[in-house]
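For reference, the chains in residue letters:
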Amino acid sequence: MLPRKDLFELPEGVIYLDGNSLGPLPKGAQERAMRTISQEWGGELIRAWNSADWMSLPQKVGDRIAGLIGAAPGSVATGDTLSIKVYQALAAALKMRPGRKVILSDKGNFPTDLYMAQGLIKTLDAGYELRTPAPEDVADAITDEVAVVMLTQVDYRSGRLHDMQAITEKAHAAGAVMIWDLAHSAGALPVDLAGSNAEFAVGCTYKYLNGGPGAPAFIYARPDIVEDVEPALAGWLGHAAPFAMDPAYSPAMSTERLRVGTPPVVQLSLLDAALDVWDGVSLSDIRAASIDLCETFIAEVEARCPMVTLASPRDAQQRGSQVSFAFDPGYPVVQALIDHGVIGDFRAPNIMRFGFTPLYIDQADVIRAAEILETIMTEGLWKDPKYHQVSKVT
Ligand SMILES: *Cc1c(COP(=O)(O)O)cnc(C)c1O
């Protein structure tokens with residue numbers, strides 16, 4: 001185990017297998033946010049934009065994220081939500097390929113990524129088309145009609161991992177722009193974004209980066225193209241000189257042009273503190289430990305619970321940092337698990353999903369979680385009607 005468990009506030013008796021959806025609270029984060037609220041906002045008022053350097057926080061945090069995804073300092077901007085960042089990347093990418101009308105994604109992509117594409121297509125009203133083949137058919141669907149290939153590297157439901165290098169090369173060979181969504185990659189596995197040569201990447205920070213609910217998203221633009229990136233959401237903080245208050249827009253000469261409006265300072269301060277847990281951590285060590293945890297979980301669950309079916313790739317190299325099992329009905333099983341101290345989540349229609357984050361999960365936790373699942377399945381505890389009431393968030 002990587003000796004990091006004590007860096008998180010984890011409730012006693014809980015095995016947390018949902019850090020892929022909302023990372024836990026890192027210990028220094030609360031104190032940092034309190035300082036931002038009371039001393040900086042409370043004490044300094046508007047002066048804090050300068051005295052506490054709030055204005056540089058988005059770049060500072062962006063540089064720290066860049067270090068975790070194989071990107072150069074200065075190439076990552078933070079703010080807004082991932083849905084917004086998907087829209088920005090897509091709009092900018094389409095501008096780079098006038099004459100081509102196809103956005104290629106896959107039907108396993110997270111719905112909001114597809115919805116943002118559909119919304120943009122409607123707004124543009126210029127004959128654009130979204131194609132969503134099955135994930136395994138995407139590479140073959142890259143043709144010279146495609147303007148943009150937009151994929152999420154790790155499938156949120158199954159954990160299936162796209163080959164970032166191979167697909168980016170194929171997209172470029174066909175003349176398309178490549179956008180990677182790293183929502184389930186950042187902090188989960190090593191990513192060589194600069195090495196992939198993709199034009200854009202986006203991601204969120206409340207999953208494996210533990211930035212807290214509603215933490216700001218990030219967007220990367222390849223440094224050599226950034227000056228040609230046309231911002232669809234031309235906000236004042238993406239302007240070259242926001243405080244010149246020029247009525248005409250002229251974008252910053254860096255990824256900063258993909259900023260929109262006022263940064264979420266309290267959330268950014270939480271995220272900045274949360275990123276401290278990565279100091280001195282190697283993503284390849286994290287990946288090796290994550291694979292061990294996932295392999296143990298699969299072996300233990302398959303030995304104990306023959307009624308569930310693995311819904312993630314069996315080959316660890318084809319999988320992100322999560323393991324999914326299909327079972328009908330999965331929802332009450334997950335509720336029973338949560339009631340017994342094992343927090344995972346459910347994704348419709350029948351997927352029980354478990355994230356493995358070696359910073360705070362060890363082999364003993366994994367075996368204990370499998371034992372509890374076995375009890376719930378073999379004793380039919382999930383059949384209790386109280387586990388069948390569906391909440392707003394699953
Ligand atoms: C989690 C996730 C999102 C969420 O988007 P928000 O705008 O932050 O709500 C989007 N896309 C993918 C691929 C995700 O995994």
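Residues numbered from 1 in each chain as written. Predicted model: local features only at pLDDT ≥ 70, side-chain atom pairs only at ≥ 80, totals over all residues. Heavy atoms only, no water.

Filter applied, for reference: UniProt positions are given in the numbering used here, feature names are shortened, and annotations may be inferred rather than shown by experiment.
Per an unreviewed UniProt entry, the protein chain carries the name Kynureninase and comes from Cognatishimia coralii. According to the UniProt record, the Cofactor (unreviewed entry) comment for the protein chain reads "pyridoxal 5'-phosphate". Among the UniProt annotations of the protein chain, the heading Sequence similarities (unreviewed entry) holds the following wording: "Belongs to the kynureninase family."

## Comments concerning the overall build of the protein chain
Short version of the rule: Segments assigned H or I by DSSP are reported as helices when at least four residues long, segments assigned E as strands when at least two residues long, and all are numbered from the N terminus. The globule rule is 2.2 Å times the number of residues to the power 0.38, and the radius of gyration it is compared with is taken over C-alpha atoms. Here a residue-residue contact requires only that any non-hydrogen atoms of the pair lie within 4.5 Å. The protein chains shown are the only cover counted for residues, whose accessible areas, like all others here, come from Shrake-Rupley with a 1.4 Å probe. In this count, Lys and Arg are taken as positive residues and Asp and Glu as negative ones, while His and the chain termini are left out. Here the site of a charge means atom NZ of a Lys, CZ of an Arg, CG of an Asp or CD of a Glu.
Along the protein chain, the regular secondary structure elements total twelve helices and 15 strands. Relative to its length of 394 residues, the protein chain is compact, with a C-alpha radius of gyration of 22 Å against a globular reference of 21 Å. By its C-alpha atoms, the protein chain is 70 × 55 × 40 Å across when sized along the principal axes. In the protein chain, the share of contacts with a sequence separation of at least 24, taken over all contacts with a separation of at least 6, comes to 73%. Here the protein chain displays about 16,300 Å² of accessible surface, and carbon together with sulfur accounts for 55% of that area. Treating the 33 positive side-chain charges of the protein chain as one cloud and the 49 negative ones as another, the clouds have centres 3 Å apart.

## Comments concerning the pattern of salt bridges
Where we set the bar: Each salt bridge in this description consists of a side-chain nitrogen of Lys or Arg and a carboxyl oxygen of Asp or Glu lying within 4 Å of one another. Note on exposure labels: buried denotes an accessible area under 20% of the residue type's maximum, exposed denotes more than 50%, and partly exposed covers the range between, all computed with a 1.4 Å probe on protein chains only.
Taken as a whole and judged by the stated rule, the model has 24 salt bridges. A salt bridge links Arg-160 to Asp-155; its shortest N-O distance comes to 3.3 Å. A relative accessible area of 16% places Arg-160 in the buried class. Asp-345 is paired through a salt bridge with Arg-353; the nearest N and O atoms lie 2.8 Å apart.

## Looking at the site of the ligand
Using the following cut-off: Throughout, near means a residue has at least one heavy atom within 4 Å of the molecule or strand. In protein, a polar contact means a hydrogen-donor-capable atom and an acceptor-capable atom, both N or O and within 3.5 Å, with residues adjacent in sequence counting only if both atoms are side-chain atoms; elsewhere, any N or O pair within 3.5 Å suffices. Polarity classes work like this: nonpolar for Ala, Val, Leu, Ile, Met, Phe, Trp, Tyr, Cys and Pro, charged for Asp, Glu, Lys and Arg, and polar for all others, with Gly in that last group.
The full set of residues close to the ligand is Thr-81, Leu-82, Ser-83, Phe-110, Thr-112, Asp-113, Thr-152, Asp-181, Ala-183, His-184, Tyr-206 and Lys-207. A distance of 3.5 Å is found between an oxygen atom of the ligand and a side-chain nitrogen or oxygen belonging to Thr-81. Side-chain polar atom of Ser-83 to an oxygen atom of the ligand: 2.6 Å apart, as the coordinates give it. Protein burial of the ligand: of its 390 Å² of free accessible surface, 86% is covered by the chains. Residue composition of the shell around the ligand, by class: four nonpolar, five polar and three charged.

## Observations concerning the sheet that holds strand β10 (residues 217–221)
As a reminder, the rule being used: When DSSP finds at least two bridges between two strands, those strands are taken to pair. Each axis is a line fitted through C-alpha atoms, taken for helices only over the stretch in contact, and angles between the N-to-C directions span 0 to 180 degrees.
Taking strand neighbours across the sheet as the criterion, the seven strands line up as β4-β10-β9-β8-β7-β5-β6 in an open arrangement whose pairing is mixed. Two strands bound the open sheet, and with one partner strand each, they are β4 (76–79) and β6 (129–131). Each strand of the sheet is rotated relative to its neighbour by a mean of 20°, with strand direction disregarded. Summarising the sheet, strand β8 (residues 177–181) and strand β9 (residues 200–203) pair through three bridges and their orientation is parallel. Each residue of the ladder has a partner; that of Trp-180, found in β9, is Ala-201. The sheet contacts of helix α5 (residues 111–124) involve β5 (102–104), β6, β7 (146–152) and β8, and relative to β6 the element is tilted by about 160°. Seen against the sheet, helix α7 (residues 164–173) touches β7 and β8 and runs at an angle of roughly 155° to β8.

## Points about the packing of helix α1 (residues 27–44) against helix α9 (residues 265–274)
The cut-off we apply is this: Should the near helix be turned counterclockwise from the far one by less than a right angle, the crossing is left-handed, whereas a clockwise turn marks it as right-handed.
The geometry of α1 relative to α9 is characterised by a closest axis approach of 8 Å and an angle of 145° between their N-to-C directions. The handedness of the crossing between α1 and α9 is right-handed. Note on element contacts: α9 touches α1 through Val-265, Val-266, Ser-269, Leu-270, Asp-272 and Ala-273, opposite Gly-28, Ala-29, Gln-30, Arg-32, Ala-33, Thr-36 and Ile-37. Residue classes in the contact of α1 with α9 are distributed as seven nonpolar, four polar and two charged.

## Examining the pairing of β4
Two faces belong to every sheet, and in a regular strand the side chains alternate between them. Burial along β4 is two-sided: the face carrying Val-76 and Thr-78 and the face carrying Ala-77 and Gly-79 are both buried. As judged from the four bridges shared by β4 and β10, these two strands associate in the antiparallel manner. Paired with Val-76 across the bridge in β10 is Tyr-220.

## Considerations on the side chain of Ser-21
Here Ser-21 is to be found in the loop between β2 (15–16) and β3 (25–26). Side chain to side chain, Ser-21 and Arg-353 meet in a polar contact 3.4 Å long. Sequence-distant contacts of Ser-21, that is, excluding residues within four places in its chain, are made with Tyr-206, Lys-207, Asp-345, Arg-347 and Arg-353.

## Description of helix α4 (residues 82–96)
Stated formally: One fewer than the residue count of a helix, multiplied by 1.5 Å, yields its expected span.
Taking 1.5 Å per residue, 15 residues should reach 21 Å; α4 reaches 21 Å between its end C-alpha atoms and fits that length. Burial of α4 is extensive: twelve of the 15 residues sit out of reach of the surface. Looking at α4, one finds that the buried residues are Leu-82, Ser-83, Lys-85, Val-86, Tyr-87, Gln-88, Ala-89, Leu-90, Ala-91, Ala-92, Ala-93 and Leu-94.

## Topic: the domain arrangement of the protein chain
Which entries qualify depends on this criterion: Each domain's limits were defined by an automated method or a database of domain assignments. When two components associate, each loses some accessible surface as probed by a 1.4 Å sphere; the sum of these losses over both components is called the buried area.
In terms of domains, the protein chain is made up of domain 1 (5–26 + 282–383) and domain 2 (53–278). Using only C-alpha atoms to locate each centre, domain 1 and domain 2 end up separated by 28 Å. Between domain 1 and domain 2, the contact holds 30 residues from the first and 23 residues from the second. Around 2,100 Å² of area is buried between domain 1 and domain 2 when both sides are counted, 64% of it from carbon and sulfur atoms. There are zero salt bridges connecting domain 1 and domain 2. Linking domain 1 with domain 2 are eleven residue pairs in polar contact (both at pLDDT 80 or more), by the criterion used here. For the side of domain 1 that touches domain 2, the secondary structure elements donating two or more residues are α10 (283–304), β12 (322–326) and β15 (351–355). The leading source of residues in the side of domain 1 that touches domain 2 is α10, at four residues.

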